[in-house]
Amino acid sequence: MLEQGPVRTCEVLVVGCGPVGAVLAARLGALGVEALVVDAATDVHPLPRAVAADDEVQHLLDLTAPGLLEGALHDVGVRLLSASRRELGAVRLPAGPSGHSGLALFSQPTLERRLRAHLATLEPVTVALGAELVSWHQDVEGVRARLGDGSRVRASWLVGCDGARSYVRRSAGIVMTGRELERPWLVVDVAGEVDRAHLSYTCDPARPQVDMPLPGGHRWEWLLQPGEAAPDPIPLLARDIDPSTVQVLRAATYRYGARQAATWRAGRVLLAGDAAHTMPPFAGHGLGAGIRDAWVLGGMLAAGDPSGYQALRSPHVRATTRQSLLLGAVVEARSPRLARSRDTLLHSAFRTPVLGRWLSRGGPRTSASGVVAR
Ligand SMILES: Cc1cc2nc3c(=O)[nH]c(=O)nc-3n(C[C@H](O)[C@H](O)[C@H](O)COP(=O)(O)OP(=O)(O)OC[C@H]3O[C@@H](n4cnc5c(N)ncnc54)[C@H](O)[C@@H]3O)c2cc1C
């Protein structure tokens, strides 16, 4: 079956031109490594998913190509609110050592389009869209792959940046460990002027809610009961705004997981981004983790030795996953009694001198992953 069609050769075959595959290809191209990046789809994923980037992720994107996050909203304040919208605590994430803001809110499709435009300027990088990886095998010298159009690729390395359902991971026989969260979230993006300047976690035991401003619009997320059909978003929106003043771009239900691949490498095949790990988006770290993977793995592949990759990245992924799960658990409390105790605790913790200062700066600095220093 592998005998048909032309053969392309490259040093690294990147499977998936989502944000992680695109940053990896850009990093390889900047380091002079010949890379072919293939994607099954012909255009970027149209629905915005990731919206938040910490200072280190902004720094990495700036090093990849300045201007990738142009138009993002920077230094957005974060509030924890009770069901009655009383402020329990306020957080402002401090700027990082690079001078980038502690929190930027952006549009993922815009970022992906800009990354693809940047790839087109890098001579060692070739992008093939509408090109699905359908089979591959490896030996000690490299990897041979076949694409959906029948063409073949020979590469020294293959990196699966092909998302949470990664074909590369599954076909390498790598299992995911971890768990899926029980309750789904309804995510609604709107376009239009919305007079809500903060990222707010509304800890309402009847319907936990997260909402945040985005360039040109706003996002709301509501926790659903297990098995609950997605409710009409309009009455939910009406609790905060006049829905007739905005246009609903999409309403989608997600069930999040906190999972890591048992290994991120099988010989000459590696995994990065959602293919290697997924986490709930409550702290906005999922894509950031993948961008950090891409940055560090690109450098290692350019040097010809990715052996320290998982050991470097996995502890930070675990730390940010724990932070996301903790934040989710705080917001998701559904028992009114538990919610009352949580509210009292948070309200006083944020007003205790030393602890309060630490919490209002976002607690532990998870953006210092050590990736930039490398
Ligand atoms: C509602 C929601 C909110 C989120 N919010 C945040 C946030 O605020 N901050 C944050 O950091 N993260 C967030 N995330 C997570 C973030 O969106 C993901 O971590 C990120 O999109 C993963 O990027 P990726 O490149 O690894 O995978 P993907 O974006 O899934 O890209 C994978 C690519 O691989 C291609 N592909 C798949 N199979 C093949 C194949 N066989 N051959 C060729 N190509 C293939 C696909 O077409 C796709 O283009 C959020 C996620 C969701 C769902």
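Coordinates for the structure precede this section.
Please read these numbers as outputs of a predicted model, since none were measured by experiment.

*Asks:* Give me the packing of aromatic side chains: which residues, what numbers.
*Replies:* Under the counting rule described, the total for this entry stands at four aromatic pairs. Centroid distance Y256 to F282: 5.9 Å. Interplanar angle 90°. Geometry classified as edge-to-face. Here the residue Y256 occupies a position in the loop between β17 (247–254) and β18 (257–261), and F282 occupies one in the loop between β21 (277–278) and α6 (286–302), the gap between them amounting to 26 residues. Seen from their ring centres, W264 and Y309 are 5.5 Å apart, and the 65° between their planes marks the pair as edge-to-face. You can see W264 sitting in the loop between β18 and β19 (265–266) and its partner Y309 sitting in helix α7 (residues 309–332), a full 45 residues away along the chain. Under the relative-accessibility criterion, Y309 is labelled buried at 1%. Site record: aromatic cluster; members linked through ring pairs are W185, Y254, Y256 and F282. Over the ring of W295 we find R27, and its NZ or CZ is 3.9 Å from the ring centre. In this structure, R268 packs its charged tip against the face of W157, placed 4.6 Å from the ring centre.

*Asks:* Now, about the sheet that holds strand β13 (residues 185–191): what can you tell me, with residues and values included?
*Replies:* Backbone hydrogen bonds are what pair the strands of a sheet, in a parallel or an antiparallel way. Strand order across the open sheet formed by seven strands is β6-β5-β14-β15-β16-β13-β17, with mixed pairing between neighbours. Looking along the sheet, the strands with just one partner apiece sit at the ends: β6 (87–91) and β17. Across this sheet, the average inter-strand angle for adjacent strands is 15°, counted without regard to direction. Pairing of strand β14 (residues 199–203) with strand β15 (residues 209–214) involves three bridges; the strand directions are antiparallel.

*Asks:* Explain the sheet that holds strand β4 (residues 73–74) to me, and be specific about the residues and the numbers.
*Replies:* If you walk across this open sheet you meet the three strands as β3-β7-β4, and the pairing is antiparallel. What marks the edges here is a single partner per strand, and that holds for β3 (52–53) and β4. In terms of strand pairing, β3 meets strand β7 (residues 104–105) through two bridges, oriented antiparallel. Each bridged residue has a counterpart across the sheet, and for A53 the counterpart in β7 is A104.

*Asks:* Before we move on, can you summarise the side chain of S156 with the specific residues and values?
*Replies:* Position of S156 among the secondary structure elements: in strand β11 (residues 152–160). When neighbours within four sequence positions are excluded, S156 is seen to be in contact with C10, E11, E141, G142, V143 and R268.

*Asks:* Quick rundown of empty space enclosed by the protein? Include the residues and the values.
*Replies:* Enumeration according to the criterion identifies one cavity of 30 Å³ or more in this entry. Lining the largest cavity are A52, A53, D54, V57, L61, F106, L111, G284, L287, G288 and I291. Counting only elements with at least two residues in the lining of the largest cavity, the list comes to β3, α2 (55–64) and α6. Top element by residues in the lining of the largest cavity is α6. It accounts for three residues. Residue composition of the lining of the largest cavity, by class: eight nonpolar, two polar and one charged.

*Asks:* Report on unusual backbone geometry, specifying residues and quantitative values.
*Replies:* Its identity is not glycine, yet D75 carries a phi of approximately 55°, on the positive side. What makes D75 partly exposed here is its relative accessible area of 38%. If you check the backbone angles, R85 has positive phi at about 70° while not being a glycine. As for its position among the elements, R85 is in the loop between β5 (78–82) and β6.

So, how was this worked out
Residues numbered from 1 in each chain as written. Predicted model: local features only at pLDDT ≥ 70, side-chain atom pairs only at ≥ 80, totals over all residues. Heavy atoms only, no water. Phe/Tyr/Trp six-rings, centres within 6.5 Å; stacked < 30°, edge-to-face > 60°. Helix = DSSP H or I, 4+ residues; strand = E, 2+ residues; numbered from the N terminus. Buried < 20%, exposed > 50% of the residue type's maximum accessible area, 1.4 Å probe, protein only. Lys NZ or Arg CZ within 6 Å of the ring centre and 35° of its normal. Pairing = 2+ DSSP bridges. Axes fitted to C-alpha atoms, helices over the stretch in contact; angles between N-to-C directions. Contact = heavy atoms within 4.5 Å. 1 Å grid on protein atoms, 1.4 Å probe; cavity = no way out; pocket = protein on both sides within 12 Å on 5 of 7 lines; lining within 4 Å. Points joined across faces, edges and corners; volume = space filled by probe spheres on them. Nonpolar A, V, L, I, M, F, W, Y, C, P; charged D, E, K, R; others polar.

That is the geometry; function is a separate question.
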